[in-house]
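Chain by chain, the residues run as shown.
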Amino acid sequence: MAKAKKNTEPPYFMSATNNKMINYRVYRLNPAEALLFNTGMIIIGGLVGLVFYGGLFRTEEGAETFATFVSNIAVFAVAGLIARKVFVPSIVDMLKNRRIKKLKLQFRDFLGSLSNSLSGGMNVTSALENSYKDLALQYSENALIVAEIREMIIGLNNNIPIEVTLKNFGTRSSIEDVENFATVFEVAYRTGGNICDIIRRTTEVISEKMIVAEEIQTKLSSNRTQMKAMNVIPIFLILMMRSSSRDFDLAFGSVLGVVCMTVGVGFFVAAYKMGQKIMDIKG
């Protein structure tokens with residue numbers, strides 16, 4: 001089976017106005033996030049590894065040997081590195097999707113503000129400037145959509161058509177609604193279509209899609225909570241069994257115990273992956 005290609009896209013692209021703009025298709029952890037998540041996953045993974053495979057090579061009486069000490073270190077290191085390899089990319093995907101969701105909400109508000117300004121008789125440039133002021137107050141100067149509107153205004157001031165910056169935004173955003181809006185806006189703007197009606201209709205469609213997605217997420221929230229609880233229950237069960245009975249503890253450290261534990265861990269990981277796919281509802 002061919003290996004999946006690593007995403008080598010840069011986190012930023014240079015715009016037509018020579019400004020660094022976010023590539024929303026990828027997410028790069030900043031140094032603080034990288035340290036936190038990598039260290040956290042190594043520690044958590046190492047501790048879970050010790051719950052399943054700690055205490056190997058003990059004597060028949062249960063006394064720990066030097067080999068036990070070495071094996072515990074090895075188990076902690078290997079399990080920690082595996083956890084880092086498996087779960088940090090999942091965390092990165094979660095942060096990327098969270099940022100895209102935030103951008104979707106802000107884009108909907110942008111279209112609403114733009115539609116109101118155009119309905120009041122403003123031209124596109126004035127409507128953009130008015131939307132910029134509204135959203136900078138509603139969010140902040142550093143908000144994702146505010147930076148995108150700023151780029152559109154800078155582009156217009158440098159004789160770069162708004163269709164170009166909108167299309168660039170749609171490509172970078174990886175959001176289908178933004179890409180479709182950019183395409184429709186380009187055609188309507190060039191052919192003299194009713195921009196106000198197009199924006200209003202686009203806002204309605206995006207809002208309806210978001211409402212449906214939020215309803216689905218709400219109905220699935222209890223199932224997600226149950227799935228998370230089911231994911232950690234086996235860890236606590238093994239920990240409880242090992243700590244409550246010396247015989248169980250010694251049995252887990254035997255060859256047969258290690259084999260059975262490995263099979264159980266395989267089922268546990270498979271169930272986790274299956275649960276993630278079932279709950280992965282695209283909004």
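Residues numbered from 1 in each chain as written. Predicted model: local features only at pLDDT ≥ 70, side-chain atom pairs only at ≥ 80, totals over all residues. Heavy atoms only, no water.

K.L.:
Hey, could you go over the overall build of the protein for me, with residue numbers and the actual values?
P.N.:
Counting its regular elements, the protein contains nine helices and two strands. Of the regular secondary structure in the protein, the N- to C-terminal order runs β-β-α-α-α-α-α-α-α-α-α. Expected size for 283 residues packed as a compact globule is a radius of gyration near 19 Å; at 26 Å, the protein overshoots this value by more than 25%. Across its three principal directions, the C-alpha atoms of the protein cover 85 × 40 × 40 Å. (Helix = DSSP H or I, 4+ residues; strand = E, 2+ residues; numbered from the N terminus. Rg over C-alpha atoms; globule rule 2.2 N^0.38 Å.)

K.L.:
Describe helix α7 (residues 195-244), naming the residues involved and giving the relevant values.
P.N.:
Here α7 contains 50 residues, and its C-alpha end-to-end distance of 70 Å stays within 8% of the 74 Å for a straight helix at 1.5 Å per residue. The sharpest bend along α7 measures roughly 40 degrees and falls at leucine 220. (Expected span 1.5 Å × (residues − 1). Bend = angle between axes of the 7 residues up to and from the residue.)

K.L.:
Summarise the packing of aromatic side chains; cite the residues concerned and give the values.
P.N.:
We describe a pair of aromatic rings using the distance from one ring centre to the other and the angle between the two ring planes. This structure, assessed with the given rule, holds six aromatic pairs. Their ring planes at 65 degrees and their centres at 6.0 Å tell us that phenylalanine 107 and phenylalanine 169 sit as a pair that is edge-to-face. Of this pair, phenylalanine 107 sits in helix α2 (residues 66-119) while phenylalanine 169 sits in helix α5 (residues 162-173); the two residues are 62 residues apart in sequence, bridging distant segments of the chain. As far as the burial class goes, phenylalanine 107 and phenylalanine 169 line up, both buried. Take phenylalanine 107: its relative accessible area is 2%, and that puts it in the buried class. (Phe/Tyr/Trp six-rings, centres within 6.5 Å; stacked < 30°, edge-to-face > 60°. Buried < 20%, exposed > 50% of the residue type's maximum accessible area, 1.4 Å probe, protein only.)

K.L.:
Tell me about the pattern of salt bridges, residues and numbers included.
P.N.:
This structure, assessed with the given rule, holds eight salt bridges. Where glutamate 141 meets arginine 150, a salt bridge forms, and the shortest distance between an N and an O atom there is 3.6 Å. Of the residues examined, glutamate 141 reaches a relative accessible area of 42% and is grouped as partly exposed. One salt bridge in this structure joins glutamate 204 and arginine 201, with 3.3 Å as the shortest N-O distance. In this pair, glutamate 204 and arginine 201 both sit in helix α7, three residues apart, roughly one turn of the helix. Under the relative-accessibility criterion, glutamate 204 is labelled partly exposed at 37%. Through salt bridges with shared partners, a single network forms among Arg58, Arg242 and Asp249. (Salt bridge = Lys/Arg side-chain N within 4 Å of Asp/Glu carboxyl O.)

K.L.:
Give a description of the environment of valine 48 that names residues and reports values.
P.N.:
By secondary structure assignment, the location of valine 48 is in helix α1 (residues 31-53). Measuring from C-alpha to C-alpha, the distance between valine 48 and phenylalanine 236 comes to 9.7 Å, with 188 residues separating the pair along the chain.

K.L.:
Give a description of the packing of α1 against α2 that names residues and reports values.
P.N.:
The contact between α1 and α2 brings their axes to 6 Å, and the two run at 135 degrees. In terms of orientation, α1 and α2 fall into the oblique class. α2 is crossed by α1, and the crossing has right-handed handedness. Two secondary-structure elements touch here, α1 through Glu33, Phe37, Asn38, Met41, Ile42, Ile43, Gly45, Gly46, Leu47, Gly49, Leu50 and Tyr53 and α2 through Asn72, Val75, Phe76, Ala79, Gly80, Leu81, Ala83, Arg84, Phe87, Val88, Ile91 and Leu95. Residues belonging to the contact of α1 with α2 are distributed by class as follows: 16 nonpolar, six polar and two charged. (Axes fitted to C-alpha atoms, helices over the stretch in contact; angles between N-to-C directions. Parallel < 35°, antiparallel > 145°, perpendicular 65-115°, else oblique. Left-handed = near helix turned anticlockwise from the far one by under 90°. Contact = heavy atoms within 4.5 Å. Nonpolar A, V, L, I, M, F, W, Y, C, P; charged D, E, K, R; others polar.)

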